[in-house]
Amino acid sequence: QVQLAESGGGLVQTGGSLRLSCAASGLSFKNNVMGWFRQAPGKERELVAAINRSGRSTAYRDSVKGRFTISRDNTKDTVALQMNTLKPEDTAVYYCAASATCIPFPNCQYNSWGQGTQVTVSS
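Residues numbered from 1 in each chain as written. Predicted model: local features only at pLDDT ≥ 70, side-chain atom pairs only at ≥ 80, totals over all residues. Heavy atoms only, no water.

J.: An account of the sheet that holds strand 3 (residues 18–25) is needed here, citing residue identities and associated values.
T.: Pairing within the open sheet is antiparallel, and its four strands lie in the order 1-3-8-7. On the outer flanks of this sheet lie strand 1 (3–7) and strand 7 (68–73), each paired with one strand and no other. Along the sheet, successive strands turn relative to each other by an average axial angle of 15 degrees, direction set aside. As judged from the six bridges shared by strand 7 and strand 8 (residues 78–83), these two strands associate in the antiparallel manner. Its bridge partner being in strand 8, Phe68 is matched across the sheet by Met83. (Pairing = 2+ DSSP bridges. Helix = DSSP H or I, 4+ residues; strand = E, 2+ residues; numbered from the N terminus. Axes fitted to C-alpha atoms, helices over the stretch in contact; angles between N-to-C directions.)

In structure tokens:
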């Protein structure tokens, strides 16, 4: 059974930083593209960042470029999202997701999802 467990969310002031982590189990982690999504109240879920299987290729939505960094550790089956210079509009539930057959990268079908972690940025 695939499990993706997010951690690291919380409440932070504008301009602050948070680091989200996702621990994966039950899948061949190194063979999965990993993504971080978010969903704010009343809005659709959106892809925030993705990283390919080797970790050498990443993709970000425009609104987080230069502020967020996605990384993975294939020896520990973990993926992280470092979020700096946070803004109130970053407030959302953040989800970790995995894609076994990600074509085309990064806007592909993600098969497995975590439960999400809340990130709240106060102004």
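Having put the structure on the table, let's press on.
J.: Break down the layout of surface pockets for me, with residues and values.
T.: Taken as a whole, the largest pocket spans an internal volume of roughly 150 Å³. Lining the largest pocket are 13 residues, with Arg38, Lys43, Glu46, Glu89 and Asp90 sitting closest to its centre. Class assignment for the residues of the lining of the largest pocket results in two nonpolar, three polar and eight charged. (1 Å grid on protein atoms, 1.4 Å probe; cavity = no way out; pocket = protein on both sides within 12 Å on 5 of 7 lines; lining within 4 Å. Points joined across faces, edges and corners; volume = space filled by probe spheres on them. Nonpolar A, V, L, I, M, F, W, Y, C, P; charged D, E, K, R; others polar.)

J.: Hey, could you go over the environment of Ala24 for me, with residue numbers and the actual values?
T.: If you trace the backbone, Ala24 turns up in strand 3. Among the residues examined, Ala24 registers a relative accessible area of 10% and is labelled buried. The spatial distance from the C-alpha of Ala24 to the C-alpha of Asp77 is 5.5 Å, given a sequence separation of 53 residues. When near neighbours in sequence (up to four residues on either side) are disregarded, Ala24 contacts Gln3, Leu4, Phe29 and Asp77. (Buried < 20%, exposed > 50% of the residue type's maximum accessible area, 1.4 Å probe, protein only. Contact = heavy atoms within 4.5 Å.)

J.: Explain the pairing of strand 7 to me, and be specific about the residues and the numbers.
T.: Burial of strand 7 is one-sided: the residues Phe68, Ile70 and Arg72 facing one way are buried, the residues Thr69, Ser71 and Asp73 facing the other way are not. Hairpin connection between strand 7 and strand 8: a loop of four residues separates the two successive antiparallel strands, and Asp77 in this loop has a positive phi of roughly 55 degrees.

J.: Give me the packing of aromatic side chains: which residues, what numbers.
T.: The final tally for this structure, using the stated rule, is three aromatic pairs. On the numbers, 5.0 Å between centres and 80 degrees between planes, the contact of Phe37 with Tyr110 is edge-to-face. Here Tyr110 lies in the loop between strand 9 (92–99) and strand 10 (112–113) and Phe37 lies in strand 4 (residues 33–39), a separation of 73 residues in the sequence. Note on accessibility: Phe37 and Tyr110 belong to one class, buried. Clustering of aromatic rings is evident, with ring pairs tying together Phe37, Tyr110 and Trp113. The ring centre of Phe37 lies 5.8 Å from the NZ or CZ of Arg45, which sits over that ring. Sitting over the ring of Phe29, Arg72 keeps its end group 4.5 Å from the ring centre. (Phe/Tyr/Trp six-rings, centres within 6.5 Å; stacked < 30°, edge-to-face > 60°. Lys NZ or Arg CZ within 6 Å of the ring centre and 35° of its normal.)

None of the figures reported here should be taken as evidence of function without further support.
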